[in-house]
Every structure is written in structure tokens, then in C-alpha cells.
Amino acid sequence: MITTFRSLVRRANTFQAAVALTAISLAGCSDDPAQNPPCVGDACNPPGPMCVPAMDFEGLDGGLTASLRTFYNGSGGGGLAHITYWGLKAGMPEFDDLPAEEQAKVKKMQASLLHSLKLAPKDEVYGVEVTGTLAVTEGGVTRTQEIVLKVPNDWNGKLVVAGTPGTRSEFANEGTIVPWVLKRGYAYVAGNKGMTNGGVDGNATLLTKTHPTQHWGAMMLDLAEWAATSLEIVTCKAPTHVYAVGLSNGGYQVRRALELDHEREKAGGKKIFAGGLDWSGAYWPDARVLDKDKDGTVTPAEYAAANHLVSTNERAALAMKWAYDPATLSTPDAYTQMPPFSGAEDAMIAAGFGAPSATIWGAYNTAFDSLKATLPQFKGIGYYNFTAYYFKAELLGHDLAESAAYSCFPPNDMDPPPFYAYLASAPDAGWTAESVSFALKNANTGEFSAPLVSIHGDADGLLGVIANAEAYRDAVTAYGDPDMYRLYVVAGGGHVDLHSDGVLDFDFDGTRAEEGAQDKFTILQPYAERAFDALVEWAEKGTAPPPSKTLAADPVNDELDASKIEL
């Protein structure tokens, strides 16, 4: 049964409420000694105010606007993980009978189908879910994101704060992280990083000239503080431990959140996170790594030469070439080479991709081309040129018109996108001193004071293991505390488990999933689950996991039971 409570106006801010409660004087003392005689015995230690848990979690949405508080108990809705929503479609009675807000959740979830179909969510966990918009103002800047908080009926008293992959919605982790977190009894909170507020396309938000990515790390702390405070006020129990978990760009958020938490602790603040799990996270190097001549300045030339999210995708796009370029390597013949796409191997490895990821290079170079029948602008578009274009525009502060010179989209049905010619001719790949300064606002320091575990596949063809996992490990070694860090590289692990099911057109012959590529990839989710359990043992019991290593795996016979995986 689904029961929803709606709030369309701003409730009392939970942070303000907490401060107000602590500011109340309980003693009623007067400055006049005659009216305030000395206390005797137990009167010197009066009991504090009694906290009474709120009925129906009233107030759990405090501090949010346009909030909903929904209970999932019994049949309907598939529990807090909405496990029945994956198979719904408009026109089906089960979909059409849902309230509008539940239909919106279905659409957000299905827009982020990222989990392996071998691990379809199946556990129905009951509890309460809160959705709404969280706005936090700090230093004159307001960070606004749409959020979801889930509290299972058998809450274990702990909280997981989840980063969000890509530029997706707050429901992007429903298949990859939510099911196993809820099954373990954790409360869970996630936000959309402000990218899809009001239903806009997350990639379009990158073209708003507001540099939204600079806030992604701080937004994790916003989520943690809001959720922990709300839970304490409503349940009378503060979370005993708060963990950060995230996939892809969400993995970057985890790293950055722990780094910001460390900076806050050094400044005298209270540390929020007990630890973090980074699953295939992106790495943005900082000035200490980028400033090769050690003159104190990261120049556009130095930034262009480095490997980071934009440059690695640019180099991959140039190595594989536009799908309709006569010299493209995205062909069935190139896929059958040993290794696949061998003509691009040297350039791809130099760009930070592991050699085992070659199987998916062609698919990621052309992933969105199948949309061209209805969206002609996607002809020849894949993850490489698409990702590089949008994130470059974000850092340069360009909108759609200003970024046209290096757009990944072809101008017509015949000519290639300007993206390729631009990179061949633009000095320093188009980077400017101002854009480098914004890139450095995203930068990872490698310094944190809570345990951090990274899981990354050596066959990750989007965020290559060399540029994003090994390079971050090196930064931690150089500038942080390597004793607080573990990196487990999984042999055959890809970037997205759904893609590791072999569902893409790997050889670009117009037919999906006939190559048998699934036997070359390892499903990573069980490794992420196992790493999380090891993180908890480390944070709560001091039991450090084994040293960083590459974990052997059998991609033909995936181990899907996390409890059977040894780190």
C-alpha cells in the first residue's frame, strides 16, 4: 500500500529547528542571586528535554520545498526500491493507476537503467520515502538539488549518502546501489546535483554558464547534514555512522566529499563521514599534479596535456574517429582484430584507458548513433565526443551558441561535427586561464581522514582505469594518507554493468548484442557490495581490508554473490 503526505510550502528548516532547540534555556535562571539560589543534589543536574519520535515521520521533510512523504507498506510500489517499476509502461493499468508523482519516479528510474539484468532488484523493503528540493546557502551561493531520502522500517541507525552518476536524476541509483543498501538496513539519501531540477535535461544544465560541477562535492555534505539532522529530530536518534557511496561521477562526489570533510575537520569542524566507497569514479587532478614546471601556475597548455575527464574522452574520440569518417576505426573488421581496434591501442592507453577495455571502444564511440532515425543530430555520436563536448563547455562557461565551434553534433546529414577540426587546430585544445581556474575548483586533493575504498574495472572504457583510478591512487600516495586508502581493480570490470551484459552494438554493424561481448566483462556490483562491507568493518571495528590489488575474475561465470568474493 502507498500512502502519501504532501507539503507544497517550505517546512521549518531542520537546521534552524536544531539550533533553536539547543538555544532554549531550561533552567529559567535569573541574574538575581536571591531569585536563583544554589542548587542542591540532583537539582544541580536537571534532566534534559525528553525527545518523542514524531508520528508518521512528521517533519522528516523539514527544510524542503514541494516535498512528499510516502509510505510503502504491503503490496504496491515494490517497496522503497520500487522493484516493480522497472517493468511498467504508460498504457499499462499498473502504470496508469499510479499517482502522478509515482509515474514521475518510474520515468526517472527507467531513464537510468544501469544495473546488470542478472541482478534485477528483487527484495521488497518497506518504509518511508521523502522527496523534495533542498536549498543550502553558503558564502552567498545557493546550492539547490532535488533529493530522495529512504528510511526502511528496520533502520539500522546508519546513513548512506549517495553520489549520482552522470548528469542524472536523484533516482539514478535505484538499480545499482539502493537495493543492497536498503536490504542491509541503511537509510539512504541522494540528490540530482542540481542537474535535472524541474525536469530539465542534465546535460543542458552544463550549458547554462553557471559552472554547476564546482558544487558537486559540497552537495554531498549538504545531503549528509540535512538527512542526519532530519533523522535525529524526527526519530530522536542521530545516525551512528554516515557513509558516502557513488558510481562514476557519483564516485567523484564521494572522493571530493571526503576531501572537503577533511578540510572542514582541519578547520575545527566536526567530521561527517565515517568512510566512503568510490565505484568507478572520475578523477580531476589538482594543481600539484598539473603544474609540471612547478612555477605555481597551471597553464592552459599544461591542462591540455593532462589526462582528465574532458581530455581523455577527446583523445578517445580522435583515436577512434567519427563513426562516418572514411578512416574511422568503428567498423566490424576493426572489432575482430586482435586486440580489437588495435590501430587505436597506443593512443587509448596514453589517454588513460586500460588495454582490456578495447572490446567496448567502438560501442562507446558510437553509442547514440542508433537514435539518428528520430534525432538526426545524433548521427555518429557516442560517449566520447558527447561527454568531452558538454563538460568542456561547462568549464569554459559556454552556452549552446558559444560552444558551437566545437560541438559534437554534425551540422547536417553529410558533414562531420566541428568537434574534430576544432581539436586539430585550437591552441591548447581551446582551454583558457579562466576555464582552468574553474577546473581546479573541481579538483581532487587525495587528502582525507576517513577510510576510502575504490573499486574500478580494468576494462572500463569510459573512465579509464589508468587516468581515473591509478592516477588518483598516486595522488593519495603523494599528498594524502595511503594507509587510509584501498584500490581494488577488478579484472574485466567495465563502467556500467548493463553494458557489461553485452547489450550494445560492439562492432557497429547495426545489430546489438550478437557479438557475445558479455563473456569478456565482469559484473562489478557484487564487488562494490563486498567493498562496502569491508569499508564498514574498517570504519567501525578498525579491521583494515587487504592491501590494494587487482582482483582476478571469471567474466564467463560471473560471481554475483558478494559474500563469496574475497578482496
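Up top is the structure these notes are about.
What counts and how
- Residues numbered from 1 in each chain as written.
- Predicted model: local features only at pLDDT ≥ 70, side-chain atom pairs only at ≥ 80, totals over all residues.
- Heavy atoms only, no water.
- Helix = DSSP H or I, 4+ residues; strand = E, 2+ residues; numbered from the N terminus.
- Buried < 20%, exposed > 50% of the residue type's maximum accessible area, 1.4 Å probe, protein only.
- Disulfide = S-S within 2.5 Å.
- Phe/Tyr/Trp six-rings, centres within 6.5 Å; stacked < 30°, edge-to-face > 60°.
- Axes fitted to C-alpha atoms, helices over the stretch in contact; angles between N-to-C directions.
- Parallel < 35°, antiparallel > 145°, perpendicular 65-115°, else oblique.
- Contact = heavy atoms within 4.5 Å.
- Salt bridge = Lys/Arg side-chain N within 4 Å of Asp/Glu carboxyl O.
- Core = buried A, V, L, I, M, F, W, Y, C linked by side-chain atoms within 4.5 Å.
- Pairing = 2+ DSSP bridges.
- Right-handed = clockwise from strand over helix to strand, strands pointing away.
- Nonpolar A, V, L, I, M, F, W, Y, C, P; charged D, E, K, R; others polar.
- Expected span 1.5 Å × (residues − 1).

Novice: Just give me the short version of unusual backbone geometry, but keep the residues and values in it.
Specialist: Pro339 follows Met338 through a cis peptide bond whose omega is 0°. Within the secondary structure layout, Pro339 lies in the loop between helix H11 (332–335) and helix H12 (345–350). At Asp56, a position not held by glycine, the phi torsion is positive, near 55°. Here Asp56 shows up in the loop between helix H1 (14–23) and strand E2 (64–72). Residue class for Asp56 comes out partly exposed when judged on its relative accessible area of 41%. The residue Phe508 is not glycine, and still its phi comes out positive at about 55°.

Novice: With reference to specific residues and values, describe the state of the cysteines.
Specialist: In a disulfide, the sulfur atoms of two cysteines are covalently bonded to one another. Overall, the coordinates contain one disulfide when judged by the stated rule. The disulfide bridge from Cys51 ends at Cys236, spanning 2.0 Å between sulfur atoms. Between Cys51 and Cys236, the S-S dihedral sits near -85°, and the bridge is therefore left-handed. In this pair, Cys51 is assigned in the loop between H1 and E2 and Cys236 in the loop between helix H6 (216–235) and strand E7 (242–247), connecting sequence segments 185 residues apart. Relative accessible area serves as the criterion here: at 26%, Cys236 is assigned to the partly exposed category.

Novice: Just give me the short version of the packing of aromatic side chains, but keep the residues and values in it.
Specialist: Each aromatic ring pair is characterised by the separation of its centres together with the angle its planes make. As enumerated under the stated definition, the model contains 30 aromatic pairs in all. For the pair Phe57 and Phe71, a centre-to-centre distance of 6.3 Å together with 50° between the ring planes defines the contact as tilted. Remark: Phe71 occurs in strand E2 and Phe57 occurs in the loop between H1 and E2; sequence separation between them is 14 residues. Ring geometry for Tyr283 and Tyr472: centres 5.5 Å apart, planes at 65°, overall edge-to-face.

Novice: Quick rundown of the packing of H6 against helix H7 (residues 249–266)? Include the residues and the values.
Specialist: At a closest axis distance of 7 Å, the pairing of H6 and H7 adopts a crossing angle of 75°. Compared by their axis directions, H6 and H7 come out roughly perpendicular. Judged by residue contacts, Trp216, Gly217, Ala218, Met220, Leu221 and Glu225 of H6 engage Asn249, Tyr252, Gln253, Val254, Arg256, Ala257, Leu260, Asp261 and Arg264 from H7.

Novice: Requested: an account of the pattern of salt bridges, with residues and values cited.
Specialist: Opposite charge on two side chains permits pairing when their charged atoms draw close. This model, assessed by the stated rule, comprises 25 salt bridges. The shortest N-O distance in the salt bridge between Asp533 and Arg184 comes to 2.9 Å. Taken together, the positions of Asp533 in helix H19 (residues 525–541) and Arg184 in the loop between helix H4 (178–183) and strand E6 (187–191) put the pair 349 residues apart, joining distant regions of the chain. Exposure remark for Asp533: the relative accessible area of 28% places this residue in the partly exposed category. By relative accessible area, which is 26% here, Arg184 ends up partly exposed. Note that Lys372 is salt-bridged to Asp369, the shortest N-O span being 2.9 Å. Since its relative accessible area comes to 4%, Asp369 is described here as buried.

Novice: Help me get a handle on the nonpolar core, residues and values and all.
Specialist: If you look at the biggest cluster of nonpolar residues, it comprises 69 residues, and the most contacted ones within it are Tyr303 and Trp361. Looking at this core, the elements with two or more residues in it are helix H9 (300–305), helix H10 (309–320), H11, helix H13 (361–365), helix H14 (383–396), helix H15 (418–425) and helix H16 (433–441). The biggest single contributor to this core is H14, with 10 residues. Those residues in contact with Tyr303, other than ones at most four positions away along the chain, are Trp284, Leu290, Val298, His308, Leu395, Trp431, Val436 and Ala439.

Novice: Give me the pairing of strand E10 (residues 485–490): which residues, what numbers.
Specialist: The buried fraction of E10 is high, at six of six residues. Side chains Tyr485, Leu487 and Val489 of E10 all project onto a buried face; the interleaved residues Arg486, Tyr488 and Val490 project onto the opposite face, where all are buried too. Summarising the sheet, strand E9 (residues 452–457) and E10 pair through six bridges and their orientation is parallel. Among the inter-strand pairings, Val453 is bridged to a residue of E10, identified as Arg486. One crossover worth recording links E9 to the parallel E10 by way of helix H17 (residues 465–479), and it is right-handed. Pairing of E10 with strand E11 (residues 549–551), which is carried by three bridges, proceeds in the parallel orientation. Bridge pairing links Val489 to Thr550 in E11.

Novice: So what's going on with the side chain of Ser500? Which residues, and what values?
Specialist: By the secondary structure assignment, Ser500 is in helix H18 (residues 497–500). Residue Ser500 is classed as buried on the basis of its relative accessible area of 2%. Not counting residues up to four positions away in its chain, the partners in contact with Ser500 are Gly494, Gln518, Phe521, Thr522 and Ile523.

Novice: Can you break down the packing of H10 against H15 residue by residue, with the values?
Specialist: If you want to describe how two helices pack, look at the angle between their axes and the distance between the axes. At a minimum axis separation of 11 Å, H10 and H15 run at an interaxial angle of 105°. One element, H10, and the other, H15, form an angle in the roughly perpendicular class. Residue-level contacts link Glu314, Ala317 and Leu318 of H10 to Phe419, Tyr420 and Leu423 of H15. Grouping the amino acids of the contact of H10 with H15 by side-chain chemistry returns five nonpolar, no polar and one charged.

Novice: Quick rundown of H10? Include the residues and the values.
Specialist: Taking 1.5 Å per residue, 12 residues should reach 16 Å; H10 reaches 17 Å between its end C-alpha atoms and fits that length. Within H10, 10 of the 12 residues are buried, leaving the element largely enclosed by the surrounding structure. Restricting attention to buried positions, one finds in H10 the residues Leu309, Val310, Ser311, Thr312, Asn313, Glu314, Ala316, Ala317, Ala319 and Met320. Downstream of H10 by a residue or two, Lys321 has a phi angle that is positive, lying close to 70°.

That is the geometry; function is a separate question.
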